[in-house]
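# Architecture at a glance
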Amino acid sequence: MEFKYIGKDILRPDATAKITGKAKFLADLKLPGMLHCAILRPTVAHAKIVSIDTSEAEKCPGVVKVVTAQGQNYRYGDNIRDFTPMAGDRVRHIGEAVAAVIADSAHHAREAVKKIKPVYEPLPVYVDARDALKPDAVLIHPDSGDFWHLPGLGPKAGTNIANYYKLVKGDVKKGFADAEVTVEGEFNYPFGSCSAIEPHGAIAWFHEDGLIEIWSSSICPFVIRDEVARVYDRPISDVRVHIPEVGGCFGYKSDITVEQTIAFIASFVPGRPVKWVATRKEDLVSTLMGHGIRTKMKLGAKKDGTLTAIQATLYHSTGAYADTGIHVCIGATHNCTGPYEFPNCFMESYLTYTNTPPIGAFRGYGHQEGQFGVERLMDMLARKLKMSPFALREKNYLGEGKTTSLGEKLWKTNGDVRACVANVKKAVFDSPKPKEDEQFYYGRGFVAVMKSPKGAPFSSKGCYLKMNSDGSVCINMGGAEVGQGLRNVVRLVAAEALKIPPERIRVYTEIDTQFSPWEWQTIGSMFTTQGGRAIVRAAEKAIAILKRTAGQVLKCDEDMLDYDGEFVFLKSDPGVRVEVPRLIHGYITGDGITIGEVVQTTSDCRLPRYSGLDPETGQGSAGVEYTFGAQACDIRIEKATGKVLIDHFASSFDVGRVIQPKQIRGQIVGGVMIAIGSTLHEELKFDKDGKCLNPFFGRYRFPTIKDRPAKQTVVCVETPAVVGPFGARGIGEHPLVGVAPCILNAIQDAIGVEFTELPVTPDKVKKALEGR
Amino acid sequence: MAEKINLTVNGVPRTVEIEGWERLIDVLRDKLDLTGAKRGCDDATCGACTVVLNGEAVQSCITGLAKYKDGNVVTIEGLSGGVGKLHPIQQALVDAGAVQCGYCTPGIVLRLYALFGKKPDATDDEIVDALEIHLCRCTGYEAIFEGAKLARGYLKKAAKA
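Definitions and limits used
Residues numbered from 1 in each chain as written. Chains lettered and ligands numbered in written order. Predicted model: local features only at pLDDT ≥ 70, side-chain atom pairs only at ≥ 80, totals over all residues. Helix = DSSP H or I, 4+ residues; strand = E, 2+ residues; numbered from the N terminus. Rg over C-alpha atoms; globule rule 2.2 N^0.38 Å. Buried ≥ 20, exposed ≤ 12 C-beta atoms within 10 Å, placed from the backbone. Contact = placed C-beta atoms within 7 Å. Core = buried A, V, L, I, M, F, W, Y, C linked by C-beta atoms within 7 Å. pLDDT = per-residue confidence, 0-100. Pairing = 2+ DSSP bridges. Domains from an automatic or database assignment. Nonpolar A, V, L, I, M, F, W, Y, C, P; charged D, E, K, R; others polar. Axes fitted to C-alpha atoms, helices over the stretch in contact; angles between N-to-C directions.

## Regarding the overall build of chain B
In terms of regular secondary structure, chain B is built from six helices and five strands. In chain B, the succession of α and β elements from N to C terminus is β-β-α-β-β-α-β-α-α-α-α. What you see for chain B is a C-alpha radius of gyration of 16 Å, in line with the 15 Å of a compact globule of 161 residues. Considering only C-alpha atoms, chain B reaches an extent of 45 × 35 × 30 Å along its principal axes. Counting over 161 residues, chain B shows a buried share of 55%. Looking at chain B alone, contacts between residues at least 24 apart form 57% of all its contacts between residues at least 6 apart.

Right, here's the structure in full:
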């Protein structure tokens, strides 16, 4: 199939505004009469709030109002309604909102917050799920049994379990009985932060006429809108949410994070907009963290390498609220098989309330945590069987006709893991490995990965397409551009579908729930797939209108006509034609009478067959669109320091169809770098009292330009998918999935040490070297 | 205590009334509506607020009154020359695909502006050293580094022309 526009690099629609500093982010917005707020965070991670003295703060310059949880009478959440806008009778983590000051400037608000005097009565603190699960543990939410939740999931009353998920395929006992070899291990993916350079922020404004207006650095305006409407008992149409430019997301700006808190605070000063922007410390510990998943895993196989069984137990220290972590945990559980077919599976996970900030999405959504274990164990199994890691995996790949742990039978169109493996093998393993020298050990590693779609069965993405009288087109959608280049996907797909140059298409900038079509949330790397298909559908509808009108003009049936972007013409005689612009607002006939419909269309796209999970087996359809890939790396370990240096990192994914080569490379190279951070540097550390030890970039070891791999290779495989536009699949989260086990497999290759806990810092490597 | 001070911003003399605690970033963003300088951290560790002061790249979030009073400041808003006329450094970063979310971008452009202003022949290592303070979560730094090298070439070409 020949494409005119997709597959070519074009200027990003947002590049110029961003490079000139003109793009408006949340912190850049000013509204008439705007007030500012600052929030008091607790000094203890788990405590009863005895009293809060706000009298001094109220007297400070510029202060308009001091707000506490008083008057708060609701909980919110999409899955489990356990969140409250502010800490009520107790604080449950170190980043919670205890009180807030509204003032005429952010400076005045911050100064006054320091004068608030709370008194706490400390309670036992649990940072690790394994402690919170002990039978004598104090309950973090004594009333968790009363929380509203979606059917089939939710807290187990009287415990700190926020959700228990179990997935059964086949008979795991029989699977291990059939096994001739087993391997097992325990793997830990500790707390981290998505840490976009733009921190979270929001503005909320309760208008006198009942409208509630919100601006947020978020990717889910419609979820915010619906939840705010529900808790303030307003029609959804009376809540309007705006999303300006978003300065990076990587997961933690999905779901509701800060918006309900800022709305609650603003509700005390109706008529005035109230703005809040997180400090970096607040961004790290008062929004959503990532990971916190410990996995115990066992694999069984025949001597020839055929896998017979997998058993896994995941402990997710999900923090003080579980609404945002629950599907990360479920995703980690059912995806922990990686891209392999296990005839017998038993996987279970304990989503556990703890006294840390809540866990939410982190680019990869459970996949990197779940597949960390299996990819390390596959290498251990290969060594035990004296097989090459490639040969062992080769025997067990998922693919056409194979069945996932969820019980889904895969199609050819789900992609080709073997082609991806061949690409990274060629890139890394086909050249000789350097020999150990005075300064360095050298190693290389390899993994194969699988990404399932994560979303919801009802999730859809809408498109409004409007043709203008000169043939140019405006496209309006609800997908959040966070840097991934979604607007360019929109532009190129629309250009291809409408057969007009991309320069003739203007893509939306701000999202505004008053004007934008509905989209659930821009999550799960699903925009290209679902959003792209929605564009193709809207374009097809637009072309159908053009043909309908042209049929009247040219006095023939519509199906006699064809469209080429410039003209609608008679298939059998292309000279008989009418220019597209003359049809767009209706065709004006000789006597002025105008015929035909205006060309503006709407559409959406859901994932076919996406279902809920069976409560007994945990199985179901995750929504058809799987993606496969492989990663490999060459590393060196500095003997003197224990520092791991990445010489070459290669990734290959079956993206279905390349929409924009430069952007795909940017996504993959950048995604790999984030996961290198998780693997070698980053951990948000908490002491036993639940206090964060490193809530600053100065101490949270964020990768810099000097940490980048010396070389990255990116190769795309194109097995067209069934849903996405022209066969394309998303690639947003995928590059992170295999990075940690790939590097750790390479470390094992270099020095023979089996690391199972992240991050593998130079200190740990050095200690391991000394202990050999 | 409020105080009136003078400074030159993007070639234009400005007089602003400030409080003594205000840093250069507050003056630019809150008093002069130049929001291209971004705030990304609390402790001068991200580089997003970088502007050029008297020819040096500075982190405006820690630049106090004594330093910026009577100073000559270049911000991202002062670089491009109108529709279709990006500064060569801006053009190079766009061409290299170094702009993703765009939040760290203005600071990086200005860091390179100061670097190449002083050292048009800055080596690859000098570029990396200069950019080390600039955190970027999107790109993995590859396109930023490629863009910086491209900028070095574009600037030389522009200087010859």
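Still more ground to cover, so stick around.
## Some thoughts on unusual backbone geometry
Residues and elements named next belong to chain A. For the peptide bond that leads from leucine 758 to proline 759, omega is -10 degrees, which places it in the cis range. Relative to the elements of secondary structure, proline 759 occurs in the loop between helix H17 (739-751) and helix H18 (762-771). The phi dihedral of aspartate 255 falls on the positive side, at around 55 degrees, and the residue is not glycine. Turning to its location among the elements, aspartate 255 is positioned in the loop between strand S11 (239-243) and helix H7 (259-266). The class of aspartate 255 is buried, set by 27 C-beta atoms lying within 10 Å. A positive phi angle is found at lysine 555, which is not glycine, with a value near 60 degrees. When you line up the elements, lysine 555 lands in the loop between helix H14 (527-554) and strand S21 (561-563).

## Observations concerning the nonpolar core
Nonpolar side chains in soluble globular proteins tend to be buried together. Ranked by size, the top nonpolar core spans 301 residues in total, and within it Cys37, Ala100, Val101, Ile475, Ala494 and Ile535 of chain A carry the most contacts. No other element matches the eleven residues that H14 of chain A contributes to this core.

## Describing H7 of chain A
Buried residues dominate H7 of chain A, accounting for eight of its eight residues. All buried positions along H7 of chain A are accounted for by Glu259, Gln260, Thr261, Ile262, Ala263, Phe264, Ile265 and Ala266 of chain A.

## Concerning the interface of chain A and chain B
Contact with chain A, which involves 43 residues of that partner, is made by 41 residues of chain B. Put simply, the parts of the chain that give the side of chain A that touches chain B at least two residues each are helix H1 (15-19), helix H8 (280-285) and helix H16 (661-680) of chain A. A per-element tally of the side of chain A that touches chain B places H16 of chain A first, with seven residues.

## What about the confidence of the model for chain B?
Taken residue by residue, chain B gives an average pLDDT of 96. The fraction at 70 or more is 99%. The ipTM, which scores confidence in the relative placement of chains, is 0.98 for this predicted complex, and the corresponding pTM is 0.97.

## Things to note about the pairing of strand S1 (residues 35-40) of chain A
Residues and elements named next belong to chain A. Counting buried positions along S1 gives six out of six residues, so the element sits mostly inside the fold. One ladder, built from two bridges, connects S1 with strand S12 (residues 273-277); its direction is parallel. Looking across to S12, one finds that histidine 36 is bridged to lysine 275. The pairing of S1 with strand S5 (residues 99-103) spans five bridges and is antiparallel. Bridging across to S5, leucine 40 finds its partner in alanine 99.

## With respect to the environment of valine 67 of chain A
Mapped onto the elements, valine 67 of chain A comes out in strand S3 (residues 63-68). In this structure valine 67 of chain A touches Ala99, Ala100, Ile102, Ile265 and Phe268 of chain A, once residues within four positions along its chain are discounted.

## A closer look at the domain arrangement of chain A
Residue and element names in this part refer to chain A. With domains assigned, chain A is organised as domain 1 (31-123 + 198-247 + 253-285), domain 2 (293-455 + 611-771) and domain 3 (458-606). Taken over C-alpha atoms, the centre of domain 1 sits 36 Å from the centre of domain 2. Tallied by class, the residues present in the side of domain 1 that touches domain 2 amount to six nonpolar, six polar and seven charged.

## Focus: the sheet that holds strand S2 (residues 12-19) of chain B
All names here are of chain B. Taken in spatial order, the five strands of this open sheet run S2-S1-S5-S3-S4, and their pairing is mixed. Among the strands making up the open sheet, the edge pair consists of S2 and strand S4 (56-59). Across this sheet, the average inter-strand angle for adjacent strands is 45 degrees, counted without regard to direction. By the bridge criterion, two bridges tie strand S3 (residues 50-53) to strand S5 (residues 72-74) in an arrangement that is antiparallel.

## Considerations on the environment of valine 66 of chain A
With respect to the element layout, valine 66 of chain A can be found in strand S3. For the pair valine 66 of chain A and valine 113 of chain A, spaced 47 residues apart in sequence, the C-alpha to C-alpha distance is 8.7 Å.

## Notes on the sheet that holds strand S26 (residues 600-606) of chain A
All names here are of chain A. The mixed open sheet is built from four strands, whose spatial order is S19-S18-S17-S26. Both edges of this open sheet fall to strand S19 (505-507) and S26, since each of them pairs with a single strand only. Between one strand axis and the next, the sheet turns through 20 degrees on average, direction left out of account. By the bridge criterion, seven bridges tie strand S17 (residues 460-467) to S26 in an arrangement that is antiparallel. Along S26, the bridge assignment pairs tyrosine 464 with threonine 602. Sheet strands touched by helix H13 (residues 486-498): strand S18 (473-477) and S19. Its angle to S19, the strand with the most contacts, is close to 150 degrees.

## A look at the environment of lysine 298 of chain A
All names here are of chain A. Structurally, lysine 298 can be placed in strand S13 (residues 293-301). Given 19 C-beta atoms within 10 Å, lysine 298 falls into the partly exposed group. Setting aside residues no more than four positions away along its own chain, lysine 298 makes contact with Thr182, Glu184 and Gln311.

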